[in-house]
Amino acid sequence: RRVVLPRAAEAGLNALQHDRESGAAEMALLAVDVLKSIARELLVSEYESGANSGADLGSFEELVHAWEAFAWYAAKARPAMASALLSACMRSLLCIERKSSRCAEPSVYRNSGANVLLSKKCEECCSNIRDELASETHRVVANAADALLDLARAKWKERKMFVIMTHSLSSLAVVALLALMRCIKLESDTNHELVVIVTESRPLFEGVELARRIRASVTELDLSSSSVRVEVITDAQMMANIGRCDVVLLGADHIRPDGSVVNKVGSAMLAECAYACNPTRVPVWVLASSSKFLLTLPSEPYPLSPLETLPLAPGADFEDKGALEVTRVWPIQDVNGAIVVRNQYFEPVSPSRITRIVSEHTGSSSAAPSSSSSTEAQLRLSRLFARQPSR
């Protein structure tokens with residue numbers, strides 16, 4: 001059978017491909033929202049608008065195929081975030097398949113009343129998956145804040161300052177730092193200081209935004225400037241400042257089976273700086289929910305049938321982007337194409353440089369945590385590609 005992506009899917013793919021600011025966690029939530037929009041478009045939107053009487057509405061099978069196709073193309077569009085995207089989509093598919101099988105045979109859906117019911121079930125599933133993702137994030141943050149506070153208390157026995165360095169704009173790192181700041185506010189000893197060193201994270205300067213958020217939270221929490229200090233450094237100053245740090249905090253866009261972490265370019269350099277620090281190596285902590293542990297996407301084409309036209313160009317593994325993001329801050333703009341500019345977004349961090357992976361399951365793991373939802377998502381993805389194409 002030929003699968004044609006609904007308009008909502010094409011719009012969602014375009015949004016995913018051109019988003020340069022959101023991390024994998026935010027992208028996963030966006031993907032779930034796109035699935036909900038696809039369901040509404042296929043099942044009820046034309047009927048509700050009066051465009052038809054319901055005879056041409058999509059079936060349950062067409063909905064499933066559209067969700068599967070969107071998941072596959074989303075992973076191809078943003079390969080560095082493929083695991084989070086696939087996990088969210090496959091979990092949504094599992095949810096609607098379970099809900100539909102409990103209600104009636106899927107084949108009964110192809111009339112206005114039944115499709116409205118199915119659309120509502122899709123909304124429930126997408127809402128449930130969103131809640132699951134938020135709950136996982138909350139548990140990662142809680143584990144990270146607890147572990148950071150324990151480390152801070154140990155360091156404060158030795159000196160006044162506790163120093164964290166971070167790179168880019170990990171949503172989990174931001175929330176964990178804010179949770180740590182709230183804990184610091186409750187500490188009885190007000191003579192302690194938290195120092196957060198943030199790299200600029202060029203070319204989009206995400207680190208500057210992270211520093212702004214932390215500084216704003218200092219004001220909101222009514223913390224004194226002497227208790228929390230934020231410093232922004234250029235990426236090239238990592239080695240010059242790593243010796244002051246007690247821990248490096250990184251996010252993750254996905255984690256490979258070998259334990260390497262794919263994150264914003266510059267993360268590997270920071271991890272190497274931490275590893276090379278003398279006389280004591282600086283620990284590197286990675287914050288990641290289990291949905292970031294890589295789901296395997298087969299390399300062969302989408303199995304049902306190719307689209308007439310692919311609405312986007314598949315990205316490279318580490319997503320090389322345009323030169324303009326790099327050159328727009330240069331004092332000389334007219335290079336006449338004589339200079340080749342590389343703008344790689346992501347890179348792997350060796351597992352040998354990672355001290356700790358903080359997930360929703362544990363605060364002290366150096367390996368992939370077990371997760372029934374991630375396992376089920378991988379099995380659902382495998383079933384999709386085990387199916388033979390219909391010609």
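From a predicted model like this one, the values you see are computed outputs, not experimental measurements. For every chain, the first residue of the written sequence is number 1, and numbering continues from 1 along that sequence. pLDDT decides what is reported in this predicted model: residues at 70 or higher carry local features, side-chain atom pairs at 80 or more are listed and counted, and totals for whole chains, interfaces and linings draw on all residues regardless. Side-chain descriptors were evaluated using all non-hydrogen atoms of the structure, hydrogens and water having been removed beforehand.

1. Topic: the environment of Ala-15
Line of reasoning, step 1. Only DSSP runs of H or I covering at least 4 residues are called helices, and only runs of E covering at least 2 are called strands; the numbering of each starts at the N terminus. Within the secondary structure layout, Ala-15 lies in helix α1 (residues 7–18).
Line of reasoning, step 2. A simple rule labels every residue: compare its accessible area, found with a 1.4 Å probe on the protein chains alone, to the largest value its type can have, and call it buried under 20%, exposed over 50%, or partly exposed in between. Residue classification places Ala-15 among the partly exposed positions, given a relative accessible area of 35%.
Line of reasoning, step 3. Considered as a pair, Ala-15 and Met-27 are twelve residues apart in the sequence and their alpha carbons are 9.5 Å apart.

2. Brief notes about the sheet that holds strand β8 (residues 346–349)
Line of reasoning, step 1. Here, strands pair whenever DSSP counts at least two bridges between them. One open sheet accounts for three strands, arranged β5-β6-β8; its pairing is antiparallel. Lying at the two open borders of the sheet, with one neighbouring strand each, are β5 (254–255) and β8.

3. A look at the pattern of salt bridges
When the charged atoms of two side chains lie near each other, side chains of opposite charge can form a pair.
Line of reasoning, step 1. Any carboxyl oxygen of Asp or Glu that lies within 4 Å of a side-chain nitrogen of Lys or Arg is treated as forming a salt bridge with it. Following the criterion strictly, the structure yields 15 salt bridges and no others.
Line of reasoning, step 2. Residue Arg-7 is joined to Glu-41 by a salt bridge in which the shortest nitrogen-to-oxygen separation is 3.9 Å. Pair noted here: Arg-7 is in helix α1 and Glu-41 is in helix α2 (residues 24–48), with a separation of 34 residues, a long-range link.
Line of reasoning, step 3. Its relative accessible area of 16% is what places Glu-41 among the buried residues.

4. Considerations on the side chain of His-254
Line of reasoning, step 1. Structurally, His-254 is set in strand β5.
Line of reasoning, step 2. With a relative accessible area of 6%, His-254 lands in the buried category.
Line of reasoning, step 3. Polar contact is the term for a pair of N or O atoms within 3.5 Å; when the atoms are in protein, one must be able to donate a hydrogen and the other to accept it, and sequence-neighboring residues count only if both atoms are side-chain atoms. Polar side-chain contacts of His-254 include one of 2.8 Å to the backbone oxygen of Ala-80.

5. As for the sheet that holds strand β9 (residues 356–358)
Line of reasoning, step 1. Strand order in the open sheet formed by six strands is β3-β2-β1-β4-β7-β9, with parallel pairing between adjacent strands. With one partner strand each, in any of the chains shown, β3 (228–233) and β9 form the two edges of the open sheet. Pairs of neighbouring strands in the sheet enclose a mean axial angle of 25°, with direction left out of account.
Line of reasoning, step 2. Here strand β4 (residues 247–250) pairs with strand β7 (residues 284–287) via three bridges, running parallel. Bridge assignment links Leu-250 to a residue of β7, and that residue is Val-286.
Line of reasoning, step 3. Each of β1 (161–166), β2 (193–199) and β3 is contacted by helix α7 (residues 206–220), which is oriented at about 165° to β3, the strand it contacts most. Where helices are involved, their axes are fitted lines through C-alpha atoms of the stretch in contact, as for all axes, and angles between N-to-C directions lie from 0 to 180°. Between two residues, a contact is recorded if the distance between any of their heavy atoms is within 4.5 Å.

6. Re the nonpolar core
Line of reasoning, step 1. As used here, the term nonpolar core means buried Ala, Val, Leu, Ile, Met, Phe, Trp, Tyr and Cys residues forming a set that is joined through side-chain atoms within 4.5 Å. By size, the foremost hydrophobic cluster in this structure holds 52 residues, and its most contacted members are Ile-38, Trp-67, Phe-70 and Cys-122.
Line of reasoning, step 2. Residue assignment for this core shows that the elements contributing at least two residues are α1, α2, α3 (60–77), α4 (82–103), α5 (112–156) and α11 (372–386).
Line of reasoning, step 3. By residue number, the principal contributor to this core is α3, which donates twelve residues.
Line of reasoning, step 4. In this structure, Cys-122 is in contact with Ala-39, Leu-43, Leu-63, Trp-67 and Ile-96, ignoring residues within four places of it in sequence.

7. A short note on the environment of Asn-263
Line of reasoning, step 1. With respect to the helices and strands, Asn-263 occurs in strand β6 (residues 261–264).
Line of reasoning, step 2. By relative accessible area, which is 6% here, Asn-263 ends up buried.
Line of reasoning, step 3. In this structure the C-alpha to C-alpha distance between Asn-263 and Val-349, which are 86 residues apart in sequence, comes to 7.5 Å.
Line of reasoning, step 4. In contact with Asn-263, other than residues within four places in its own chain, are Leu-250, Gly-251, Ala-252, Asp-253, Tyr-345, Phe-346 and Glu-347.
Line of reasoning, step 5. Engagement of the side chain of Asn-263 in a polar contact is seen with the side chain of Ser-267, the distance being 2.9 Å.

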